[in-house]
Amino acid sequence: MSATIQTLEPAAEQPTRLPPQMTSRLDGELLEVSMGPQHPSTHGVFRMNVALEGEIVRKLKPVFGYLHRNHEKIGENTSYLGSMPYTDRLDYFCSMTNNWAYALSVEKLAGIEVPERAEYLRVILAELTRLQNHASLLGFLLSDMGAWGTPLMYAFREREKILDLFESLSGSRMMCDYMRFGGCRVDAGVDWMKLAKKIVDFFPRFLDEFENLIVENEILIARTQEVGKLSAELAINAGITGPMLRACGVNYDIRKVDGYGFYPRFKFRVPLGEHGDTYDRLMMRVLEMRESIGILKQAFEQIPAGPVMNPKVKIRAFRPPVGEAYGRIEGPKGELGFYLISDGGTNPYRYRVRPPSFINLTVLEDLCLGHTVADVMVILGSVDIVMGEVDR
Amino acid sequence: MESLEQIKARAEAAVPGAKIDIVANPGPSQQSSLLIDNEHAVAVAKLLRDDPALRFDFCSNVTGVDWLDRTVKKTVKVKKVVDGVEKDVDETTEEKLPGYLEAVYHFYSMTHKHGPVIIRMRTADRADGARLSSLTPIYRSAEFQEREIFDLYGVRFDGHPDLRRILMWDEFVDYPMRKDYREPDDYEYEPTPHDDVLEKAKQHYSPRPQLDGAENITAQQQ
Amino acid sequence: MIGTGILKGMAVTARNFVGSYFEKDRLITVQYPEERTPLAENYRNFPFLIYDTDDAEAGLRCVACKICEKECPPQCIYIIKSEDKKPDYMGKPQFYPAVFDIDISVCMSCQICVEVCPFEAIKMDKVFELSRRERFDALLQRKRELSKSNTYYHSICPTEAAEVDAKLAEAAAKKKPTPPPAAGSAPAAEPTPAPVI
Ligand code: SF4
Ligand code: SF4
């Protein structure tokens, strides 16, 4: 953080009057602060240009692009298969769901069927991803609030167990590169299933402890309730998705709406918030984790035996027919979509990622106005961003 | 959800003068789209959002597509009289289609839980000042995504409240997602043994053979 | 009463602190490098080339077909095909790679080269302690460093290696009535040691 000017006049009659151009007029009314990009609480290389009046945020402009590597151009210059490992690197917390979203779009584009066991495996892995993403998000959020270390380490301990599962299945903890269009790369053995079941059975204990740790904590309540309120109308209009949308009370879960994969076969509820503040967003993650555990338990019961890969799909020199497709899934952070246009060649003509955390940042300014600088960190933490996906 | 034809008819009735075409999608995904003319796009989008039967209140994805100039060869069978006999002759006509930039919007309805309806807008050409009207006043979610299209494709959106570069830095001149974009010769690179970037960069810098040893490899082979 | 929430949280911390001495799943860290967790069989890091028998040159399975070079997403494989042919492990004369480099500073361990190779010639290694003092040269692995014996493959991925051997043996049996030296059954020399740091 670096302050640029210091002369601050005593608050005049109109304290909310804004300079028309933040960069051009700095006549001492507002203090312009550049937060980030190398600040630990910005979750990566994210910068915000903030105009402060005393400690109150009066204007906030997010600045992106420090991690921009033109993922979409890379996708257009690589074969359909070659883009799969790159999708791992979008939201590097949730490579499994990224894989799934991309595979789903290609399957839509080319009309590919997926074997039943592979669909179940995908559901299992996506829900495990949701567990570990939400767990680590809560840890990060608490450490942004000053609970430095302890809750984060508890969350990471549980996350590590799930990452070990990913590693023993796909070969890598975070860059899984596990799914292929038409199925999954390798099958999960009996031992893996047993281990996964054990870890899922143990997860509620962690959740109970974590809830004890945070839910009634007075400091946490003071820091999060009524902070960063988002109205349902604005959330819908601004394209907010995922837990952040549902915290405002909008019942929209793509797992229910689109019913992709085999989600219609599972019984689960969609938790909804009421106030749309930071506390609701936080609790939304806890409740979603509980639902995920329910889905996982059902999936372990129901999963059939069989192949995990559609044998008709050619992995190499794969050429989908001419056309376009938009496929989306409910990722842990929101609606993750891939928009692909095929011209019949081996590379997509257009490869577009709809990054949920990027679009969820649209309302960051609205959430932060009128709050203190310290609250900006908490609000940003509750949006759940990963810069690999925001900047692509 | 209403079919695309019904939506088209509804929009044409409600927005007088709107020219709407259906762009067919030949692929298996069945996602055809509506091509909307530039002047009436805002009115049509407003209708899509507010019409109680449609209520496409959620603009999910906004993206640009670059279509280069292309020549389309059409082969038509024509009946011709050759040497007094009527014959079927293939006649090939070449048609030059000018390129354009396109903005594609994917709308869903959170109220009725249906969708997607896809609308597209096209610029007249691929020149630097290509313009489209912005849908950000109707859908806030288009704000960053239209900025991204401006940044990466160079489409200017009329009516956008804050049209600046978003991912590239402000001084950057070109539009990197365009299909004919060429990176500068000496842009930052990671040398790999067979990199043509290395070849290009050599024109700008004195060679640094300790970097990768690629020169030695080719020398050995010849 | 105000403060009870905090006290509850303290109780959780205390339970975790004490529990970490008794319960294994409350303390999952290990003291690397003295202690190590076993690597999963599927674990992958960087690719290596397999050779049969004990001659790294003659037994190399790779026939320099360059499919992996073409498919590698970040383009980090570099192959120059040989001019002449040498008999491969089945006795059929084949080309071989005169140069085979993988730039492991660029490789992203995606395993696509392994998936697309039709000759089971390239597999994923498990060596992860590859830090070097120098960024470019030392991280460019040449054919010599990349070649490792089938025995080594058996030692790191026993199940998968056995499957591959069976598949190759079957293919060889189909092709020729006289059994060639079955792939991998020949005792090879001791595995190539992991690169010395
Ligand atoms: S693992 Fe992936 S990046 Fe590495 S050499 Fe193989 S294909 Fe290339
Ligand atoms: S490793 Fe396999 S794919 Fe690559 S050149 Fe050798 S034989 Fe071909």
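Up top you'll find the structure we're talking about.
Overview of the structure. (Residues numbered from 1 in each chain as written. Chains lettered and ligands numbered in written order. Predicted model: local features only at pLDDT ≥ 70, side-chain atom pairs only at ≥ 80, totals over all residues. Heavy atoms only, no water.)

Things to note about the overall build of chain B
Helix and strand content of chain B: five helices and nine strands. Along chain B, helices (α) and strands (β) appear in the sequence α-β-β-α-β-β-β-β-β-β-α-β-α-α when read from the amino end. Buried residues in chain B amount to 47% of all 222 residues. When contacts within chain B are restricted to residue pairs at least 6 apart in sequence, those whose partners lie at least 24 apart make up 54%. Working note: accessible area of chain B is about 11,300 Å², and carbon and sulfur atoms make up 50% of it. (Helix = DSSP H or I, 4+ residues; strand = E, 2+ residues; numbered from the N terminus. Buried < 20%, exposed > 50% of the residue type's maximum accessible area, 1.4 Å probe, protein only. Contact = heavy atoms within 4.5 Å. Areas by Shrake-Rupley, 256 points an atom, 1.4 Å probe, with all protein chains shown as cover.)

Looking at the site of ligand 2
Surrounding ligand 2, one finds C62, V63, A64, C65, K66, I67, C68, I79, C117, F119 and I122 of chain C. In terms of residue class, the shell around ligand 2 is made up of ten nonpolar, no polar and one charged. (Near = heavy atom within 4 Å. Nonpolar A, V, L, I, M, F, W, Y, C, P; charged D, E, K, R; others polar.)

Considerations on the pairing of strand 7 (residues 117-122) of chain B
Residue and element names in this part refer to chain B. Where burial is concerned, most of strand 7 is hidden: five out of the six residues are buried. Sheet analysis places strand 6 (residues 100-108) next to strand 7, joined by six bridges and oriented antiparallel. Bridge pairing links E102 to R122 in strand 7. (Pairing = 2+ DSSP bridges.)

Comments concerning the interface of chain B and chain A
Contact residues are listed per partner, giving 47 residues for chain B and 48 residues for chain A. Buried area between chain B and chain A, summed over both chains or domains, comes out near 3,800 Å², and the portion from carbon and sulfur atoms is 55%. Looking only at chain B, the three residues that lose the most surface to chain A are R140, F144 and L167 of chain B, adding up to 18% of its buried area. At the boundary of chain B and chain A, one finds five salt bridges. Residue E324 of chain A is joined to R120 of chain B by a salt bridge in which the shortest nitrogen-to-oxygen separation is 3.0 Å. Counting every contact that joins chain B to chain A gives 28 residue pairs in polar contact (both at pLDDT 80 or more). Looking at the side of chain B that touches chain A, the elements with two or more residues in it are strand 3 (58-67), strand 6, strand 7 and helix 3 (142-153) of chain B. Per-element accounting of the side of chain B that touches chain A gives the leading share, ten residues, to strand 3 of chain B. Looking at side-chain class alone, the side of chain B that touches chain A contains 23 nonpolar, twelve polar and twelve charged residues. (Buried area = accessible area lost by both parts, 1.4 Å probe. Salt bridge = Lys/Arg side-chain N within 4 Å of Asp/Glu carboxyl O. Polar contact = N/O pair within 3.5 Å; in protein donor to acceptor, adjacent residues only side chain to side chain.)

Here's the deal with the sheet that holds strand 8 (residues 334-342) of chain A
Residue and element names in this part refer to chain A. Here three strands make up an open sheet; going across it, the order is 7-8-9 and the pairing antiparallel. Two strands lie at the open edges of the sheet, namely strand 7 (323-331) and strand 9 (350-354), each paired on one side alone. Sheet twist, expressed as the average angle between the axes of neighbouring strands with direction ignored, equals 10°. (Axes fitted to C-alpha atoms, helices over the stretch in contact; angles between N-to-C directions.)

Some remarks on the environment of L213 of chain A
By secondary structure assignment, the location of L213 of chain A is in helix 6 (residues 190-214). We classify L213 of chain A as buried; its relative accessible area is 10%. Here the alpha-carbon distance between L213 of chain A and T372 of chain A, two residues 159 residues apart in the chain, equals 25 Å. When residues no more than four places from it in sequence are discounted, the contact partners of L213 of chain A are P151 and Y154 of chain A together with G9, V12 and T13 of chain C.

A few points about the nonpolar core
If you look at the biggest cluster of nonpolar residues, it comprises 182 residues, and the most contacted ones within it are L128 of chain A together with Y105 of chain B. With 13 residues, helix 4 (residues 116-144) of chain A is the single largest residue contributor to this core. Setting aside residues no more than four positions away along its own chain, Y105 of chain B makes contact with C59, N61, V62, V117, I118, I119, M121, S133, L135, A142, E146 and F157 of chain B. In terms of nonpolar packing, the next biggest core, distinct from the first, is built from 35 residues, Y51, F100, I104 and Y153 of chain C among them. (Core = buried A, V, L, I, M, F, W, Y, C linked by side-chain atoms within 4.5 Å.)

Side note on the packing of helix 4 of chain A against helix 14 (residues 373-383) of chain A
All names here are of chain A. Close contact between helix 4 and helix 14 brings their axes to 9 Å; oriented N to C, the two are set at 175°. Looking at the two axes, helix 4 sits roughly antiparallel to helix 14. Along its contact with helix 4, which presents L137, L141 and D144, the element helix 14 presents M377, V378, G381 and S382. For the contact of helix 4 with helix 14, the per-class residue count stands at four nonpolar, two polar and one charged. (Parallel < 35°, antiparallel > 145°, perpendicular 65-115°, else oblique.)

Structural notes on helix 4 of chain A
Between its first and last C-alpha, helix 4 of chain A extends 42 Å over 29 residues, near the 42 Å set by a 1.5 Å rise per residue. Of all 29 residues in helix 4 of chain A, 27 are buried; the element is thus mostly enclosed. (Expected span 1.5 Å × (residues − 1).)

A word on the packing of aromatic side chains
One pass over the full model with this rule turns up 33 aromatic pairs over all chains. Their ring planes at 65° and their centres at 6.2 Å tell us that F48 of chain C and Y153 of chain C sit as a pair that is edge-to-face. Of the two residues, F48 of chain C sits in strand 1 (residues 47-51) while Y153 of chain C sits in helix 5 (residues 150-156), which places them 105 residues apart along the sequence. Taking relative accessible area as the criterion, Y153 of chain C reaches 1% and is therefore assigned buried. Positioned above the aromatic ring of F156 of chain A, the side-chain terminus of R159 of chain A is 4.9 Å from the ring centre. When the ring centre of Y108 of chain B is taken as origin, the NZ or CZ atom of R328 of chain A, which lies over that ring, is 3.5 Å away. (Phe/Tyr/Trp six-rings, centres within 6.5 Å; stacked < 30°, edge-to-face > 60°. Lys NZ or Arg CZ within 6 Å of the ring centre and 35° of its normal.)

Concerning the pattern of salt bridges
Opposite charge on two side chains lets them pair, provided their charged atoms get close. As enumerated under the stated definition, the model contains 63 salt bridges over all chains in all. The salt bridge partner of D91 of chain A is K333 of chain A, with a shortest N-O separation of 3.0 Å. Residue D91 of chain A is located in the loop between helix 2 (80-88) and helix 3 (95-110), and its partner K333 of chain A is located in the loop between strand 7 and strand 8; the two are separated by 242 residues in the primary sequence. In this pair, the class of D91 of chain A matches that of K333 of chain A, namely buried. Across the pair E216 of chain A and K8 of chain C runs a salt bridge whose closest N-O atoms are separated by 2.7 Å. Taken as a pair, E216 of chain A in the loop between helix 6 and helix 7 (218-224) and K8 of chain C in helix 1 (residues 4-22) lie in two separate chains rather than in one.

Some words on the side chain of Q31 of chain B
Locating Q31 of chain B in the fold gives a position in the loop between strand 1 (20-23) and strand 2 (33-36). A polar contact of 2.7 Å, which involves the side chain of Q31 of chain B, links it to the backbone nitrogen of Y326 of chain A. With residues near it in sequence (within four places) discarded, Q31 of chain B still touches K108, E324, A325 and Y326 of chain A together with N25, P116 and I118 of chain B.

Let's talk about a nonpolar patch on the surface
Residues and elements named next belong to chain C. On the surface, F17, V18, Y21 and F22 cluster together to form a nonpolar patch covering roughly 530 Å² of accessible area. Along the polypeptide, V18 turns up in helix 1. Relative accessible area serves as the criterion here: at 44%, V18 is assigned to the partly exposed category. (Patch = residues over 30% accessible without salt bridge, like charges linked within 9 Å, V, L, I, M, F, W, Y side chains within 5 Å.)

Let's talk about the site of ligand 1
Lining the immediate surroundings of ligand 1 are 13 residues, of which C72, C107, C110, Q111 and C113 of chain C lie closest. When the residues that make up the shell around ligand 1 are grouped by side-chain class, the tally is eleven nonpolar, two polar and no charged.

A few points about the sheet that holds strand 1 of chain B
Residue and element names in this part refer to chain B. Within the open sheet, the five strands sit side by side as 1-2-7-6-3. Their pairing is mixed. Both outer strands of the open sheet, strand 1 and strand 3, are each paired with one neighbouring strand and no more. Between one strand axis and the next, the sheet turns through 25° on average, direction left out of account. Where helix 1 (residues 4-14) meets the sheet, it contacts strand 1, strand 2 and strand 7, and its direction lies at approximately 165° from that of strand 1.

Remarks on the side chain of S170 of chain A
On the secondary structure map, S170 of chain A appears in helix 5 (residues 150-170). For S170 of chain A, the residues in contact, after removing those within four places along its chain, are M96, C176, Y178 and R185 of chain A together with R44 of chain C.

As for helix 1 of chain B
Residue and element names in this part refer to chain B. Taken residue by residue, helix 1 has L4, I7 and A11 as its buried positions. Down the axis, helix 1 shows its buried residues gathered within 60° of arc, on one side only. For helix 1, the exposed residues set more than 90 degrees away from the buried face come down to E5 and A13. Turning to helix 1, the residues buried within the fold contact strand 1, strand 2, helix 2 (41-50) and strand 7. (Arc of directions from axis to C-beta.)

Quick notes on a positive patch on the surface
A cluster of basic residues, K314, R316 and R319 of chain A together with K70 of chain C, forms a positive patch at the surface. With respect to the element layout, R316 of chain A can be found in the loop between helix 11 (278-302) and strand 7. The exposure class assigned to R316 of chain A is partly exposed, which follows from its relative accessible area of 33%. (Lys, Arg positive; Asp, Glu negative; His and termini not counted. Charge placed at Lys NZ, Arg CZ, Asp CG, Glu CD.)

Function cannot be inferred from these measures alone, as they are strictly geometric.
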